[in-house]
Amino acid sequence: MALLFAAPFVYLVIRNLASPGEFWSAITDRRSIGPLYRTLSLALMVSVAASIVGSGMAWLTARTDLPGLHLWRILLPLPLVIPSFIAAVALIAALGPGGLVAAALAPLGVELPQVRGLVPAFILLTLLTYPYVYLLVAARLEQIPPSIEEAGRTLGHRPLSVALRITLPETKGALLAGGLLVFLYVVSEFGAVQLLRYDTLTRSIYARRLFDQATSLAQSLELGVVAVMVVVLERRFSRGLAVARGRGVKGMQLSLGRWKIPCLGAVGGLVSLALATPLAVLAFWAVRGLAGSPGRAAALANGLGQLVHPAINTAGVSVAAAILTMILVLPVAYLSVRHRGSVSSIANGVVVAGFALPGLAIALALVFWTLRSPGFIGNLYQTLPLLILGYLVHFGAHGLRAAQVAVASVPDHLDEAARVLQAGRWKRFLRIELPLMLPGLGAGAGLVLLSTMKELPATLLLAPTGFQTLATKIWTAAEDAFIADASAAALLLVVMSGFLTWALVVRKSHTPP
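Before going into details, it helps to say that this report is about the structure given with it. Here the structure is a predicted model, which means the values were calculated and not measured. (Residues numbered from 1 in each chain as written. Predicted model: local features only at pLDDT ≥ 70, side-chain atom pairs only at ≥ 80, totals over all residues. Heavy atoms only, no water.)

Moving on, we come to the overall build of the protein. Within the protein, the secondary structure is distributed over 24 helices and zero strands. Across the 513 residues that make up the protein, the buried fraction comes to 50%. A separation threshold of at least 6 residues defines the contact pool for the protein, and within that pool the share at least 24 residues apart is 82%. When the accessible area of the protein is evaluated, it comes to approximately 24,000 Å², of which 68% is carbon and sulfur surface. (Helix = DSSP H or I, 4+ residues; strand = E, 2+ residues; numbered from the N terminus. Buried < 20%, exposed > 50% of the residue type's maximum accessible area, 1.4 Å probe, protein only. Contact = heavy atoms within 4.5 Å. Areas by Shrake-Rupley, 256 points an atom, 1.4 Å probe, with all protein chains shown as cover.)

The full count for this structure, using the stated rule, is two salt bridges. Here R38 and D199 are joined by a salt bridge, their closest N and O atoms 3.5 Å apart. One end of the pair, R38, is in helix α3 (residues 30-63); the other, D199, is in the loop between α11 (191-195) and α12 (201-208), and 161 residues separate them in sequence. Using a relative accessible area of 27% as the deciding quantity, one classes R38 as partly exposed. Classification of D199 as partly exposed rests on a relative accessible area of 29%. (Salt bridge = Lys/Arg side-chain N within 4 Å of Asp/Glu carboxyl O.)

Once that is clear, we can look at the packing of α3 against α12. Between α3 and α12, the shortest axis-to-axis distance is 8 Å and the interhelical angle comes to 140°. Residues R31, S32, P35, L36 and T39 of α3 lie in contact with α12, whose contacting residues are L201, S204 and R208. (Axes fitted to C-alpha atoms, helices over the stretch in contact; angles between N-to-C directions.)

The nonpolar side chains of a soluble globular protein tend to be buried, and buried together. Counting 139 residues, the largest nonpolar core has L42, L76, F85, I86, M437, L462 and I474 as its most contacted members. Excluding residues within four positions of it along the chain, L76 makes contact with M57, T61, Y130, P131, Y134, V267, L270 and V271. (Core = buried A, V, L, I, M, F, W, Y, C linked by side-chain atoms within 4.5 Å.)

Let us look at the side chain of E222. Within the secondary structure, E222 is located in helix α13 (residues 213-238). Lacking a salt bridge, the buried E222 has R208 as its closest oppositely charged neighbour, with an N-O distance of 10 Å. (Lys, Arg positive; Asp, Glu negative; His and termini not counted.)

This next bit is on the packing of aromatic side chains. Summed over the entire model, instances satisfying the criterion amount to four aromatic pairs. The interplanar angle of 45° and the centroid separation of 5.7 Å between the aromatic rings of Y132 and Y185 together place this pair among those described as tilted. With Y132 in helix α7 (residues 118-143) and Y185 in helix α10 (residues 172-187), the pair connects residues that are 53 residues apart, well separated along the chain. Y132 sits in the partly exposed class, given a relative accessible area of 28%. When its relative accessible area of 23% is taken as the criterion, Y185 is described as partly exposed. (Phe/Tyr/Trp six-rings, centres within 6.5 Å; stacked < 30°, edge-to-face > 60°.)

Together, L95, V101, L108, V110 and L112 line one region of the surface with nonpolar side chains, adding up to about 390 Å² of accessible area. Residue placement: V101 occurs in helix α6 (residues 100-105). Residue classification places V101 among the partly exposed positions, given a relative accessible area of 32%. (Patch = residues over 30% accessible without salt bridge, like charges linked within 9 Å, V, L, I, M, F, W, Y side chains within 5 Å.)

This next bit is on unusual backbone geometry. At R197, a residue that is not glycine, the phi angle is positive and equals roughly 60°. Note on R197: relative accessible area 36%, which makes it partly exposed. A positive phi angle, near 55°, is found at Q382, a position not held by glycine. Within the element layout of this structure, Q382 appears in the loop between α18 (375-378) and α19 (384-408). You can call Q382 partly exposed: its relative accessible area is 30%.

Turning next to α12. With respect to burial, α12 is a largely interior element, seven of its eight residues being buried. Turning to α12, its buried residues number three or more, namely L201, T202, R203, S204, I205, Y206 and R208.

A word on the side chain of T64. In this fold, T64 is placed in the loop between α3 and α4 (69-75). On the basis of relative accessibility, which here comes to 0%, the residue T64 falls in the buried class. At 2.4 Å, the side chain of T64 forms a polar contact with the backbone oxygen of L60. Setting aside residues up to four positions removed in sequence, T64 forms contacts with W59, L69, Q253, L254 and L256. (Polar contact = N/O pair within 3.5 Å; in protein donor to acceptor, adjacent residues only side chain to side chain.)

Between helix α1 (residues 2-17) and α19, whose axes approach to 10 Å, the crossing angle comes to 95°. Taken together, the axis directions place α1 and α19 in an arrangement best described as roughly perpendicular. Along the contact surface, α1 presents L4, F5 and P8, while α19 presents L389, L392, V393 and G396. When the residues that make up the contact of α1 with α19 are grouped by side-chain class, the tally is six nonpolar, one polar and no charged. (Parallel < 35°, antiparallel > 145°, perpendicular 65-115°, else oblique. Nonpolar A, V, L, I, M, F, W, Y, C, P; charged D, E, K, R; others polar.)

Right under this line is the structure:
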């Protein structure tokens, strides 16, 4: 099973090593050095900014008397529901030529600069990625035994001193792990940087995939190596996150006093920029497109009708990918939890490495592989099985981690009792273990489903001709400057992914242990 997930990365290595001279020439050429520098610079800047914002929001909601704590704990993670390319569409629709803000300022003679380049990409990606840090740090703050902070208070330290000298060091592992996750997200980002015309590695790979395959392959492997290094670091820092929880006692609370209003404004402003504003812009353009069409009822019916097939396609391939992913990774999870050893460790690492490769690199590897293969494999090009395979390889790590938790949750004494009753291996698995694993496996399938719904690069390159998902429909409409059509499809995708995010992430993150 694990070899299936290794195929794209191994293929990139073999293809590049087949022509080492071309590979070396490609990665040392300025056409590769420049995008690599811009990719790493953007990823570093966004990681630092998201770490500051995310950890600050986590501390405010976990350790202060900020008004409306319950509401903010629900709203702060929700920018996860907005794919980056949808946020970029909203930004262009607001600040680009003919956008809302540009149109409002035009009578005053004010012209806005073009919405492209480093600064818009940095701001946009920071607003979308801080929840990765926020969720990890908030979870870590809930795990810190209150006695540690109370000991600092009894020794005469003020609340702010306790936060800086005790609480902050305790969250260092979560903070670094979250920052590395953000770094990995930005390194593999494609949609936003493409729309904002910021020339990173993913944009360069996509542009050269047809006329300069040697450079595209070399840059894909280069990007994959960077991503794998980040995953290794993330796993290294994540080891210290599983610590003993407190005994359910509420942690030390700091009274904000005169800082209450400024902090409330900061939290509200962040939620407005990251969540409310993009949704409002998309809703405005969708309604405006409807109002500008002759016959509003007919326009509404026509607009909804055009979204039915992409929505069905999105749901269909996402469900198929989620189910097949859990079926494939369950044996690997079972082996790695119940029979630990070198084989299971290698298999586990190979599956996780699939997530390290960005979706664009996986898609290109599968395309090159199928086009150059004879018979049945060659006929897979631009078919649904190949598209689902791309999803499996890219998001298998999500399913594997959930499956490992599900396998570990089954008590050993139940299996031992069934052995005493002479139950065979498959009977024990089907009647005892699998029913107990199903909730965890379902959660893993949900995470794969959510990730698949928002995947863009792999869908663009691997989808059959004429097969549209909501992501590709939004992308096509945005590229053609049909903002109203893109906004309507984007709102539907956000609603679908928002429900899943609330059910799988937000609701569970605030369920008492």
